[in-house]
Amino acid sequence: MSMAGHGPNIGHGYVKYVVIDAQGNELEPVVFPALIGRAGRSVTGAIGRAETVQAGGSQWWVGEDALLAPSPLTILAQERLSDPAFLPALVRGAIQRFGNLNGTASGVCVTGLPATWASDPEKARALGAHLREAHSGYSGIRVIPEPLGLVYATTLDNYGQVVGDPALQEGQVAVIDLGHHTVDVAVLRRMVPVPTGLATFQLGTARPLQQIGGQLSAAFERELSLYEVDQAVRAQALLVAGQARPLPRGWDRPLLQNGEAITARLVESWGSGAQFESILIGGGGAELAPLVAAIQRRFAHARPVEQPQTAIARGYARLARRLGAQK
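In this text, all values refer to a predicted model and were calculated from it rather than measured experimentally. (Residues numbered from 1 in each chain as written. Predicted model: local features only at pLDDT ≥ 70, side-chain atom pairs only at ≥ 80, totals over all residues. Heavy atoms only, no water.)

Draft legend 1. Quick peek at the overall build of the protein chain. For the protein chain, the count of helices and strands is nine helices and 16 strands. Relative to the 2.2 N^0.38 estimate, which gives 20 Å for 327 residues, the radius of gyration of the protein chain is 20 Å and therefore close to what a compact globule would have. Split into buried and exposed, the 327 residues of the protein chain put 55% on the buried side. Put simply, of all contacts in the protein chain between residues at least 6 apart along the chain, 67% involve residues at least 24 apart. Carbon and sulfur atoms make up 49% of the accessible area of the protein chain, which amounts to about 14,700 Å² in all. Between the centroid of the 28 positive side chains of the protein chain and the centroid of its 27 negative side chains there is a distance of 2 Å. (Helix = DSSP H or I, 4+ residues; strand = E, 2+ residues; numbered from the N terminus. Rg over C-alpha atoms; globule rule 2.2 N^0.38 Å. Buried < 20%, exposed > 50% of the residue type's maximum accessible area, 1.4 Å probe, protein only. Contact = heavy atoms within 4.5 Å. Areas by Shrake-Rupley, 256 points an atom, 1.4 Å probe, with all protein chains shown as cover. Lys, Arg positive; Asp, Glu negative; His and termini not counted. Charge placed at Lys NZ, Arg CZ, Asp CG, Glu CD.)

See below:
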């Protein structure tokens, strides 16, 4: 019996959630910043309304709405796994954004943790417990290393069947997940993860974005959240007084330096990378051209996957479909 596949990727920068229904149709992915803020009272007379979710005994605004709170909260470290409200609020916010799931509320769930976290059963159980608290429709939950989602997005279809490039299926492949807090890598041989090939580097995009934010705040005389900086970098422009303004000269230097640091760590681990048939690049950082360019200068056969920001969540959902068909 075919079941829907749920693929929540609760990243440090953004929540990405993909659902594939029992007929193999992918719903419109949900993407929003991984922020929560304690909900306050509505302002008298306001015609707009921000939706709230309940978690940890409180009401929360989630995503962009969290910026309404005096102190929006994001948790980048492992403490997110022990916080009673953070992950449940984000998952409930994602489910809420899908609206009517039209019969796909139930299904198998595959999610993930940074590569070296996923090998810790306690961390995997903690994440699974938060997901079950947030949504009762999961018939089963599997927690895998995050970068494997990139491989499954490339080698599985929406029915969970193996398709695509035979070199990815039969050869040795490396995967780079350019995340907000961490960079996670994995090596697979004939679609089997090599345990010694899993690694997590503390070289995510958060630090260079903070540095760029300082430059932009000085240049345009306004304070910016990390989310606003990320949006400006993706657009290579900032909205000021209703007008799109180009970013100042040299804005990308922190990203270039970050790309060089990532590449240096990869060279330490992989050498030339010639042992890999392919190197896949994904995650939100893969949408930032300076990072990808730095990696490709040393590893010419590295390539970004399609729709890199949502690719891991899509790989999760496709693997969930495969697992659901085996039940």
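Draft legend 2. Layout of unusual backbone geometry. One non-glycine residue, Met 191, lies in positive phi territory at about 70 degrees. Here Met 191 lies in the loop between strand 10 (183–189) and strand 11 (192–193).

Draft legend 3. Molecular detail of the side chain of Thr 111. Here Thr 111 is to be found in strand 7 (residues 107–113). A relative accessible area of 1% places Thr 111 in the buried class. Looking at Thr 111, its side chain comes within polar contact range of the main-chain oxygen of Pro 8, at 2.7 Å. Discounting residues that sit within four places of it in the chain, Thr 111 has contacts with Pro 8, Leu 127, Leu 131, Arg 142, Val 143, Ile 144 and Tyr 316. (Polar contact = N/O pair within 3.5 Å; in protein donor to acceptor, adjacent residues only side chain to side chain.)

Draft legend 4. Looking closely at the packing of helix 3 (residues 148–155) against helix 9 (residues 308–325). Relative to each other, helix 3 and helix 9 sit at 70 degrees, their axes nearing to 7 Å. On the basis of the axis angle, helix 3 is roughly perpendicular to helix 9. With respect to the hand of their crossing, helix 3 and helix 9 are arranged in left-handed fashion. Contacts between helix 3 and helix 9 involve Gly 149, Leu 150, Tyr 152 and Ala 153 from the former and Ala 311, Ile 312, Gly 315, Tyr 316, Arg 318 and Leu 319 from the latter. A breakdown of the residues in the contact of helix 3 with helix 9 according to their chemical character gives seven nonpolar, two polar and one charged. (Axes fitted to C-alpha atoms, helices over the stretch in contact; angles between N-to-C directions. Parallel < 35°, antiparallel > 145°, perpendicular 65-115°, else oblique. Left-handed = near helix turned anticlockwise from the far one by under 90°. Nonpolar A, V, L, I, M, F, W, Y, C, P; charged D, E, K, R; others polar.)

Draft legend 5. The arrangement of empty space enclosed by the protein in detail. Scanning the entire structure with this criterion turns up two cavities of 30 Å³ or more. The space that makes up the largest cavity amounts to roughly 250 Å³. Surrounding the largest cavity, 24 residues form its lining, Lys 16, Leu 178, Gly 179, His 180 and Gly 284 being those nearest its centre. For the lining of the largest cavity, the per-class residue count stands at five nonpolar, 13 polar and six charged. Computed from the structure, the second largest cavity encloses a volume of approximately 80 Å³. Top contributing element to the lining of the second largest cavity by residue count: strand 7, with three residues. Taken together, the residues that form the lining of the second largest cavity break down as seven nonpolar, three polar and two charged. (1 Å grid on protein atoms, 1.4 Å probe; cavity = no way out; pocket = protein on both sides within 12 Å on 5 of 7 lines; lining within 4 Å. Points joined across faces, edges and corners; volume = space filled by probe spheres on them.)

Draft legend 6. Summary view of the nonpolar core. Grouped together as the largest cluster of nonpolar side chains are 36 residues, with contacts concentrated most on Ile 176, Leu 266, Trp 270 and Ile 295. Every residue in contact with Ile 176, bar those within four places of it in the chain, is listed here: Leu 150, Val 183, Asp 184, Val 185, Leu 266, Trp 270, Ile 279, Leu 280, Ile 281, Gly 282 and Ile 295. (Core = buried A, V, L, I, M, F, W, Y, C linked by side-chain atoms within 4.5 Å.)

Draft legend 7. Quick peek at the pairing of strand 15 (residues 278–282). Within strand 15, five of the five residues are buried, which leaves the element mostly enclosed by the surrounding structure. Relative to strand 15, strand 9 (residues 172–178) runs parallel, the two sharing five bridges. What sits directly across from Asp 177, in strand 15, is Gly 282. Of the strand pairs in this sheet, strand 15 and strand 16 (residues 302–304) are connected by three bridges, and their pairing is parallel. The partner of Ile 281 across the bridge, within strand 16, is Pro 304. Tracing the backbone out of strand 15, into helix 8 (residues 289–298) and back to the parallel element strand 16 gives a crossover that is right-handed. (Pairing = 2+ DSSP bridges. Right-handed = clockwise from strand over helix to strand, strands pointing away.)

Draft legend 8. Layout of helix 5 (residues 206–220). Counted at 1.5 Å a residue, the expected span for helix 5 with its 15 residues is 21 Å, and the 21 Å between its end C-alpha atoms agrees. Where helix 5 is concerned, the buried positions are Ala 206, Pro 208, Leu 209, Ile 212, Gly 213, Leu 216, Ser 217 and Phe 220. Where helix 5 is buried, its residues contact helix 6 (226–235), strand 13 (237–240), strand 14 (243–246) and helix 7 (253–270). Downstream of helix 5 by a residue or two, Glu 221 has a phi angle that is positive, lying close to 55 degrees. (Expected span 1.5 Å × (residues − 1).)

Draft legend 9. Geometry of the pattern of salt bridges. Counting across every chain of the model gives eight salt bridges. Residue Arg 314 is joined to Glu 26 by a salt bridge in which the shortest nitrogen-to-oxygen separation is 2.9 Å. Taken together, the residues Arg 314 in helix 9 and Glu 26 in the loop between strand 2 (14–20) and strand 3 (30–33) connect sequence positions 288 residues apart. Put simply, Arg 190 and Glu 170 hold a salt bridge, and the shortest N to O gap is 3.1 Å. Pair noted here: Arg 190 is in the loop between strand 10 and strand 11 and Glu 170 is in helix 4 (residues 166–170), with a separation of 20 residues, a long-range link. Relative accessible area serves as the criterion here: at 54%, Arg 190 is assigned to the exposed category. Residue class for Glu 170 comes out partly exposed when judged on its relative accessible area of 48%. (Salt bridge = Lys/Arg side-chain N within 4 Å of Asp/Glu carboxyl O.)

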